[in-house]
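# Summary of structural features
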Amino acid sequence: MAATVAALSTGVAVAATPTSSTPTAAPPTTAAPPTTASAPPATRVPPVPSVPVVRTVPPVDLGGLPGLRYSSATAINDRGDVVGSGYNGSYDSHGFSWSHGVLTALPDTARAPFRINNAGQIAGTLPGRFYSPGFVRRSDGTVVALDFSTSDQNERGEVVGTGPVAGGGSHAKLWRDNHTFDLGAPAGHTSDARAISTNGWILGEVQSSSHSDDYFARWIHGRWVPLPTPSGYGSDINSRGDVVGWATNADGVTHAMLWQGDRAIDLDPSDPLSQAVAVNDAGQILGDTFDPVTNIGRILLWDHGQRFDLGTFDGLFARPIALNERGDVIVATSTAAFRRANGRTVQLGGSANPTAINNRGQVVGSILLPGDTSHAALWN
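Criteria and thresholds
- Residues numbered from 1 in each chain as written.
- Predicted model: local features only at pLDDT ≥ 70, side-chain atom pairs only at ≥ 80, totals over all residues.
- Heavy atoms only, no water.
- pLDDT = per-residue confidence, 0-100.
- Contact = heavy atoms within 4.5 Å.
- Salt bridge = Lys/Arg side-chain N within 4 Å of Asp/Glu carboxyl O.
- Buried < 20%, exposed > 50% of the residue type's maximum accessible area, 1.4 Å probe, protein only.
- Core = buried A, V, L, I, M, F, W, Y, C linked by side-chain atoms within 4.5 Å.
- Helix = DSSP H or I, 4+ residues; strand = E, 2+ residues; numbered from the N terminus.
- Pairing = 2+ DSSP bridges.
- Axes fitted to C-alpha atoms, helices over the stretch in contact; angles between N-to-C directions.
- Phe/Tyr/Trp six-rings, centres within 6.5 Å; stacked < 30°, edge-to-face > 60°.

Looking at the protein as a whole, the pLDDT averages 88, with 87% of positions reaching at least 70. Low pLDDT, under 50, characterises residues 2–26; the predicted model gives this stretch 70 contacts beyond four residues in sequence or across chains. Contacts of residues 32–38 to residues separated by more than four positions or lying in other chains number 18 contacts, the stretch itself having pLDDT below 50.

Right, here's the structure in full:
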């Protein structure tokens, strides 16, 4: 999810399930993406043989909920407010928030939070074995139960996800201004909302029962518009409607991809296997590449037409975790975790398991403690 400020017009209405007595309003419709010229091939920068770690940043132990063995932070906003969950086993999550040094348990109606925006609104799920309905906890503390499982939230407080519909199947859903909107699906198909940008661009997947013609799509003018690559997998969308992910070509090779409007751009045409996992509003893209012959994985960053090979971070593998709006990157390896900002790399101290980063560069996640327990942690 990328952060920016823009307004969406209202347009084609879709079925809505109001969650208050306020008259139902039509959901926003997204303008068609601009048909910008295809980006030039990325200039390759020589790979980084090893990462010069400037220093180690110690973790701040945020604590855990009483009686629970494991606790982990899942999100942090730009004010430094943190949310996360504690648990002893599967489907046993209990939510918490942390702010100004105080960890507070959330009610049982908000058990597994995974997003918090700068207004303090929290989105999450109620974990279940077969179905996990979502919730929104407003900044005033009231909790709204949703009839769909949530996947993302933006700075405007819009929440997307997927839920069951009458007659069977499931559709992508959008919660906005206290109303739930069914985003629909073509006949004989289901839909699934994966991500939403700050100004309301929605990325989703449309599937059939046979999965013979599944495709990723943007929701534009009240309908799902497929990405221009049939085999494309979309992982993130920014405020310009740019989608990143990967696609498999005719030779069976998977490459990192960027879709701008109706144009498909292969970000890494010469690598044996690569993918893009996140894009911010500046157009910076985080991904990785893997060589199946050497079993070596490397972190990639595309920035202003240049492809930066950030190397392995001295681990047996390197896995991209998150990208913020400043271009800061979180990486996890087999032995440690790192934050790269402004060309400088720091190691996250403790047995770090990072999950998210805010636009100030603060990182949250968990640290392993003696006795096989964990606490939520913050790295400043």
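Turning our eyes to something else, we now look at the pattern of salt bridges. By the definition in use, this model includes 14 salt bridges. With a closest N to O distance of 3.8 Å, arginine 176 and aspartate 177 form a salt bridge. Judged by its relative accessible area of 18%, arginine 176 falls in the buried class. In this structure, aspartate 242 and arginine 240 form a salt bridge, with 3.3 Å as the shortest nitrogen-oxygen distance. Three or more residues are tied together by salt bridges with common partners; here these are Arg156, Glu158, Arg176 and Asp177.

What follows covers the nonpolar core. Within the largest apolar cluster, 13 residues are counted, with the highest numbers of intra-cluster contacts made by Val160, Leu174, Leu183, Ile202 and Trp224. The leading source of residues in this core is strand β19 (residues 215–220), at 3 residues.

Taken in spatial order, the 4 strands of this open sheet run β21-β22-β23-β24, and their pairing is antiparallel. The outermost strands of the open sheet, each flanked by one partner alone, are β21 (233–237) and β24 (263–266). Between one strand and the next, the sheet's axes are offset by a mean angle of 30 degrees, whatever the strand orientation. Relative to strand β22 (residues 243–248), β21 is paired through 4 bridges, and the arrangement is antiparallel. In the sheet register, glycine 234 faces β22, and the bridge partner there is glycine 245.

Taken in spatial order, the 5 strands make up an open sheet running β3-β32-β31-β30-β29, and their pairing is mixed. Unpaired on one side and paired on the other, β3 (53–57) and β29 (318–323) mark the two borders of the sheet. Here the strands of the sheet are splayed against their neighbours by 30 degrees on average, with no regard to which way each runs. Where β29 meets strand β30 (residues 329–333), 5 bridges bridge the pair, whose relative direction is antiparallel. Among the inter-strand pairings, alanine 318 is bridged to a residue of β30, identified as threonine 333.

The tally for this structure, following the rule as stated, stands at 4 aromatic pairs. Taking the centre distance of 4.5 Å and the plane angle of 55 degrees together, the rings of phenylalanine 216 and tyrosine 233 count as tilted. On the criterion of sequence distance, the pair formed by phenylalanine 216 in strand β19 and tyrosine 233 in strand β21 is long-range, its members being 17 residues apart. Its relative accessible area of 4% is what places phenylalanine 216 among the buried residues.

Judged by how many residues are buried, β19 sits mostly within the fold: 6 of 6 residues are covered. Both faces of β19 are covered, namely the face carrying Tyr215, Ala217 and Trp219 and the face carrying Phe216, Arg218 and Ile220. Where strand β18 (residues 202–208) lies against β19, 4 bridges are found, and the strand directions are antiparallel. Across the sheet, residue valine 206 finds its bridge partner in β19, namely tyrosine 215. Between β18 and the antiparallel strand that follows it, β19, lie 6 residues; histidine 211 among them carries a positive phi value of about 60 degrees.

Most peptide bonds adopt trans geometry, and most residues besides glycine take a negative phi value. Here asparagine 178, not a glycine, exhibits a phi torsion of approximately 70 degrees, which is positive. Mapped onto the fold, asparagine 178 is located in the loop between β15 (170–176) and β16 (179–182). On the accessibility criterion, asparagine 178 (13% relative accessible area) is buried. Phi is positive for asparagine 342, close to 55 degrees, though the residue is something other than glycine. Within the fold, asparagine 342 resides in the loop between β31 (337–341) and β32 (344–348). The class of asparagine 342 is exposed, set by a relative accessible area of 72%.

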